[in-house]
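Structural overview for review
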Amino acid sequence: MGLEPSGEVYLPDSVSTAVKVLVLGPFAVGKSTFVGTLSEIPPLHTEETMTRTGAVADDPHGITEKTTTTVALDFGRRTLSDRVVLYMFGTPGQRRFLSLWEDLAHGSLGALVLADVARIEESFDVMSVLEDRGLPYAVAINDFSSVEMPPREELREAFDLLPGVPLVSCDARDRQSTAQAMISLVEYLLTPSPGQSQESA
């Protein structure tokens, strides 16, 4: 699978397969940054400036540079090979957008759940929606906080992940790192295994 962006706005004629994946996660976890970093075309962002009232409802968790919030979706594209293209749809992280998460799940092959190790419990709503819909997912911890990263097995237990579900770390600002996280999801989706069932334990 390709790691380097094609740089082309238009897809080559050889592309025959389009794969839709979601980039989900709680508020202020770096979803827009992730999609923008990985996309080979200028990403589509639907962001609005956060107001004081909005900051009360949507706690930025001490991220003082957080001045905007996604209100519909982020969209990006990444060509994986001369035949396969990946379309990424990032969603708002607030629970009030639950219906949008469910709508965007239609036609999706799977999802990458972006998480913050300091706010693990805030990922559960998104994971529950995916499990209810039977949509496979991988978890990528955006390693941007000052919190020390626990051992991998402790993290798997904290997220209550089934044995086959990928758990990786990444930096949403780094193209190589985001590509590796997305590849872990795509490889998981394309390699059926008993652990791929998303039934709740």
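Sequence order sets the numbering: in each chain, residues are counted from 1 along the sequence as written. Local features are withheld for residues below a pLDDT of 70 in this predicted model, meaning they are given only at 70 or higher, and side-chain atom pairs are given and counted only at 80 or more; totals for whole chains, interfaces and linings count all residues. With hydrogens and water stripped out, all remaining heavy atoms of the structure feed into the side-chain values.

Operational definition: UniProt positions are given in the numbering used here, feature names are shortened, and annotations may be inferred rather than shown by experiment.
The protein chain has the name Signal recognition particle receptor subunit beta, a GTPase in an unreviewed UniProt entry, where Actinopolyspora biskrensis is given as its organism. Check the Sequence similarities (unreviewed entry) section of the UniProt entry for the protein chain; it says "Belongs to the GPN-loop GTPase family."

**Section: the environment of Ile 41**
What counts, and what does not: A run of H or I in DSSP becomes a helix once it reaches four residues, and a run of E becomes a strand once it reaches two; helices and strands are each numbered from the N terminus. Relative accessible area decides the class of each residue, using a 1.4 Å probe on protein chains only: under 20% of the type maximum gives buried, over 50% gives exposed, and in between gives partly exposed.
Following the sequence through the fold, Ile 41 ends up in the loop between helix H1 (31-38) and strand S2 (44-49). Owing to a relative accessible area of 16%, Ile 41 belongs among the buried residues under this scheme. Separated by 37 residues in sequence, Ile 41 and Arg 78 have C-alpha atoms that sit 7.8 Å apart.

**Some points on the packing of aromatic side chains**
To keep it simple, the criterion reads: Planes of paired rings set the category: under 30 degrees apart is stacked, over 60 is edge-to-face and the rest tilted, where pairs are Phe, Tyr or Trp rings (Trp by its six-membered ring) whose centres lie within 6.5 Å. Cation placement over rings: the criterion is NZ of Lys or CZ of Arg within 6 Å of the ring centroid and within 35° of the ring normal.
Enumeration over the complete set of coordinates arrives at 2 aromatic pairs. Members of the aromatic cluster, each reached through a chain of ring pairs, are Phe 75, Tyr 87 and Phe 89. Above the plane of the ring of Phe 89 lies Lys 20, whose end atom (NZ or CZ) is 5.0 Å from the centre.

**Here's the deal with helix H6 (residues 175-189)**
What counts here: Expected helix span is given by 1.5 Å per residue-to-residue step, counting one fewer step than there are residues. Under this definition, polar contacts are N or O atom pairs within 3.5 Å; protein pairs additionally need one hydrogen-donor-capable and one acceptor-capable atom, and for neighbouring residues in sequence, both atoms have to be side-chain atoms.
Relative to the 21 Å expected for 15 residues at 1.5 Å per residue, H6 spans 21 Å between its end C-alpha atoms, a close match to the ideal helical length. Taken across its 15 residues, H6 has 11 buried, putting it largely inside the fold. Every buried residue belonging to H6 is among Ser 177, Thr 178, Ala 179, Ala 181, Met 182, Ile 183, Ser 184, Leu 185, Val 186, Tyr 188 and Leu 189, and all of these are buried. Between a side-chain oxygen at the N-terminus of H6 and the backbone nitrogen of Gln 176 the separation is 3.2 Å; the capping residue is Asp 174.

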